[in-house]
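Results of the structural survey
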Amino acid sequence: MQERHDAPLAPLTTFRLGGPATRLITAVTDAEVIDAVREADESGTPLLIIGGGSNLVISDKGFDGTALRIATTGFDLQGTRLELAAGENWSDAVARTVEAGLAGIECMAGIPGSAGATPIQNVGAYGQDVSATITEVVAYDRRSGETVVIPNADCAFSYRHSRFKEDPTRYVVLRVRFELEDAGGLSAPLKYPETARALGVEAGDRVPAARARETVLKLRAGKGMVLDPEDHDTWSAGSFFTNPVLTAAEHAAFLTRVAERLGPDVAPPAFPAGDGMVKTSAAWLIDRAGFTKGYGAGRARISTKHTLALTNRGEASTEDLLALAREVRDGVHAAFGVTLVNEPVTVGVSL
């Protein structure tokens with residue numbers, strides 16, 4: 001276990017933003033993770049858990065406490081059952097399952113970050129969410145001081161949410177277990193229209209899993225969603241805002257605002273979200289509110305490839321980023337009456 005003091009945190013995030021931590025511990029085994037968490041809890045020291053750093057917005061002042069970087073490793077594939085250590089690189093793990101001819105997570109290729117973060121955010125992309133394949137999450141319960149195994153049904157998964165996100169100070173994810181599908185090297189049925197179009201097939205069809213993964217990587221790269229140190233469009237947290245999920249009444253009011261602003265023939269994206277709810281597109285809202293690709297004149301700007309990504313152009317501060325985020329959020333609300341919610345976790349700051 002490595003320990004550093006007054007350690008920069010910006011290099012550990014995909015935004016490359018944030019000040020130093022009083023202490024930074026890097027743990028490479030589950031036991032080291034648990035020891036570090038217990039020590040912090042027993043001493044009353046604030047604790048920040050860092051995995052791949054792809055979902056963090058850290059204050060320019062940094063973090064006054066212990067930052068714990070989980071760097072555990074472990075990829076155990078037995079038939080269609082997969083267990084990943086929390087510190088495993090998610091995108092690499094997806095590639096390995098595709099190489100093994102298995103389906104279920106191939107459309108989540110290229111998502112930055114670590115495996116341990118996936119159940120917290122119920123990570124998903126291009127029609128797949130990890131909640132569909134996760135069977136169990138092994139976690140350290142800070143309340144009981146024990147390691148627990150939480151089955152899928154008890155994870156309270158919903159759109160970009162889970163019990164781990166709902167109660168972020170209770171659990172530290174150690175391992176994640178999945179049940180994948182052996183479809184003879186084919187993908188799971190394609191659910192996302194953009195993916196199906198790019199592959200020249202219909203929604204619901206299967207294609208070779210490797211081809212689905214490659215197509216998703218190309219789609220993500222075209223939007224600046226695959227990490228590249230030389231491309232500032234990837235100095236982001238991916239999608240900064242979640243897609244709004246509206247009640248029937250909220251959706252009706254939204255459509256009225258769209259008609260007033262853009263005309264009666266304009267139909268915004270709408271997807272069923274269960275229980276009469278409707279999900280619409282945050283990217284569409286941002287663009288139609290006037291925040292187009294490349295928007296901004298400062299050191300933090302909207303990506304030149306995708307309106308949903310806010311980016312550090314190289315010398316931005318966290319406050320620069322938050323100022324842009326607030327401008328976009330408030331502009332969308334003024335235009336359409338919909339309040340966007342940030343997807344990344346904020347540390348020492350808020351919108």
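Definitions and limits used
Residues numbered from 1 in each chain as written. Predicted model: local features only at pLDDT ≥ 70, side-chain atom pairs only at ≥ 80, totals over all residues. Heavy atoms only, no water. Phe/Tyr/Trp six-rings, centres within 6.5 Å; stacked < 30°, edge-to-face > 60°. Helix = DSSP H or I, 4+ residues; strand = E, 2+ residues; numbered from the N terminus. Buried < 20%, exposed > 50% of the residue type's maximum accessible area, 1.4 Å probe, protein only. Lys NZ or Arg CZ within 6 Å of the ring centre and 35° of its normal. Core = buried A, V, L, I, M, F, W, Y, C linked by side-chain atoms within 4.5 Å. Contact = heavy atoms within 4.5 Å. Pairing = 2+ DSSP bridges. Salt bridge = Lys/Arg side-chain N within 4 Å of Asp/Glu carboxyl O.

Attention now moves to the packing of aromatic side chains. Within the structure shown, the criterion is met by nine aromatic pairs. Between Trp90 and Phe178 the ring centres are 5.8 Å apart and the planes differ by 40°, which places this aromatic pair in the tilted class. You can see Trp90 sitting in helix H2 (residues 90-99) and its partner Phe178 sitting in strand S13 (residues 171-179), a full 88 residues away along the chain. Of the two residues examined, Trp90 and Phe178, each falls in the buried class. An angle of 80° between the planes, with centres 6.0 Å apart, marks the rings of Phe254 and Phe336 as edge-to-face. Taken together, the positions of Phe254 in helix H7 (residues 248-262) and Phe336 in helix H9 (residues 318-336) put the pair 82 residues apart, joining distant regions of the chain. Among the aromatic side chains, those forming a connected cluster through ring pairs are Phe15, Phe240 and Phe241. Between Arg96 and the ring centre of Phe75, over which it is positioned, the NZ or CZ distance is 3.8 Å. Stacked on the ring of Phe336, the Lys or Arg Arg261 has its end atom at 5.7 Å from the ring centre.

As a further point, take the nonpolar core. One finds Leu84, Trp90, Ile134, Val137 and Phe178 to be the most contacted residues of the largest nonpolar core, which totals 36 residues. If we skip the residues at most four places from it in the chain, Leu84 touches Gly74, Phe75, Trp90, Ala93, Ala115, Leu174, Arg175, Val176 and Phe178. If you look at the next biggest cluster of nonpolar residues, it comprises 32 residues, including Leu17, Ala282, Leu310 and Ala325.

Across the eight residues that make up strand S5 (residues 63-70), a large majority, six, are buried. As judged from the four bridges shared by strand S3 (residues 47-50) and S5, these two strands associate in the parallel manner. Each bridged residue has a counterpart across the sheet, and for Ile49 the counterpart in S5 is Leu68.

One pass over the structure, following the stated rule, counts 20 salt bridges. Between Asp129 and Arg160 there is a salt bridge whose closest N-O contact spans 2.9 Å. Here Arg160 lies in the loop between strand S12 (146-151) and helix H4 (163-166) and Asp129 lies in strand S10 (residues 128-129), a separation of 31 residues in the sequence. Overall, the relative accessible area of 30% leaves Asp129 in the partly exposed class. Taking the relative accessible area as the measure of exposure, Arg160 reaches 12% and is therefore buried. A salt bridge links Arg143 to Asp167, with the shortest nitrogen-to-oxygen separation between them at 3.3 Å. Taken as a pair, Arg143 in the loop between strand S11 (134-141) and S12 and Asp167 in the loop between H4 and S13 lie far apart in primary sequence, 24 residues in all. Residue Asp167 is classed as partly exposed on the basis of its relative accessible area, which comes to 24%.

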